[in-house]
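A look at the structure
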Amino acid sequence: MMSMGISIGDEATRAGTESFVQSELFARTFREGMTLVEETANYLDGEGRDASKQLGRDTALSYAGASMRLTTQLMQIASWLSVLRAVREGEMKIGEASDQKYRLTPTEASKVQFSSDGLPQQLVVLIDAAHQLYSRITRLDHELFVGEEAIEEKNDAAAQQRALFKA
């Protein structure tokens, strides 16, 4: 099976990655990510700040930790999206974007289960949205830059999308 990941010198693979960064799927993902970053920043600087002042000590500590993990995850998402946008706009070559320093990997922090007890519902919603987007982008990153040989194939929408990109 042909890989979507970058293998240096593999022009077909580079073309598949180039096709992705030029696609509407990437454009939608970029808008979704940046909108989530903006919504989160607005929440944490406004309503969330006010809500955190109303929390008890233990819940306030949980809020602080959750908001820091959320912010870190969103910064990683924004960075990854910005690198691919630079490729899309011709400011960066795919070979540069495939450098290990730009890769996303599931981190222990992204796997941390937290208790949402007492946390403001809007924060929980933002954390869930960021986690889902991070997971999706991590899979895309792996497919585009690591290769399918390390991906467990499934008969799902992502596998069908890969087949379309290959075609």
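Because the structure is a prediction, the values reported are computed rather than measured.

At a minimum axis distance of 10 Å, the contact between helix α4 (residues 57–88) and helix α7 (residues 121–146) shows a crossing angle of 35°. Along this stretch, α4 crosses α7, giving a crossing that reads as left-handed. Across from Y63, A66, L70, Q73, L74, Q76, I77, W80, L81 and L84 in α4, the residues of α7 making contact are L123, L126, I127, A130, H131, L133, Y134, I137, L140, D141, L144 and F145. Grouping the amino acids of the contact of α4 with α7 by side-chain chemistry returns 18 nonpolar, three polar and one charged.

Okay, α4 next. Over its 32 residues, α4 runs 46 Å from end to end, which matches the ideal 46 Å to within 8%, given 1.5 Å per residue. Where α4 terminates, the next one or two residues include G90, which has phi positive at roughly 80°.

Right, let's talk about the environment of Q22 for a bit. With respect to the helices and strands, Q22 occurs in the loop between α1 (11–21) and α2 (24–45). Distance in space between the C-alpha atoms of Q22 and R88 is 5.9 Å, their sequence separation being 66 residues. Setting aside its immediate chain neighbours within four residues, Q22 contacts V87 and R88. At 3.0 Å, the side chain of Q22 forms a polar contact with the backbone oxygen of R88.

Before going further, it helps to spend a moment on the packing of aromatic side chains. Tallying each qualifying case throughout the model produces two aromatic pairs. With a centroid separation of 5.9 Å and an interplanar angle of 70°, the aromatic rings of F20 and F26 are classed as edge-to-face. A single burial state applies to F20 and to F26, both of which are buried. Under the relative-accessibility criterion, F26 is labelled buried at 1%. Positioned above the aromatic ring of F145, the side-chain terminus of R103 is 4.0 Å from the ring centre.

Cut-offs used in this document
- Residues numbered from 1 in each chain as written.
- Predicted model: local features only at pLDDT ≥ 70, side-chain atom pairs only at ≥ 80, totals over all residues.
- Heavy atoms only, no water.
- Axes fitted to C-alpha atoms, helices over the stretch in contact; angles between N-to-C directions.
- Helix = DSSP H or I, 4+ residues; strand = E, 2+ residues; numbered from the N terminus.
- Left-handed = near helix turned anticlockwise from the far one by under 90°.
- Contact = heavy atoms within 4.5 Å.
- Nonpolar A, V, L, I, M, F, W, Y, C, P; charged D, E, K, R; others polar.
- Expected span 1.5 Å × (residues − 1).
- Polar contact = N/O pair within 3.5 Å; in protein donor to acceptor, adjacent residues only side chain to side chain.
- Phe/Tyr/Trp six-rings, centres within 6.5 Å; stacked < 30°, edge-to-face > 60°.
- Buried < 20%, exposed > 50% of the residue type's maximum accessible area, 1.4 Å probe, protein only.
- Lys NZ or Arg CZ within 6 Å of the ring centre and 35° of its normal.

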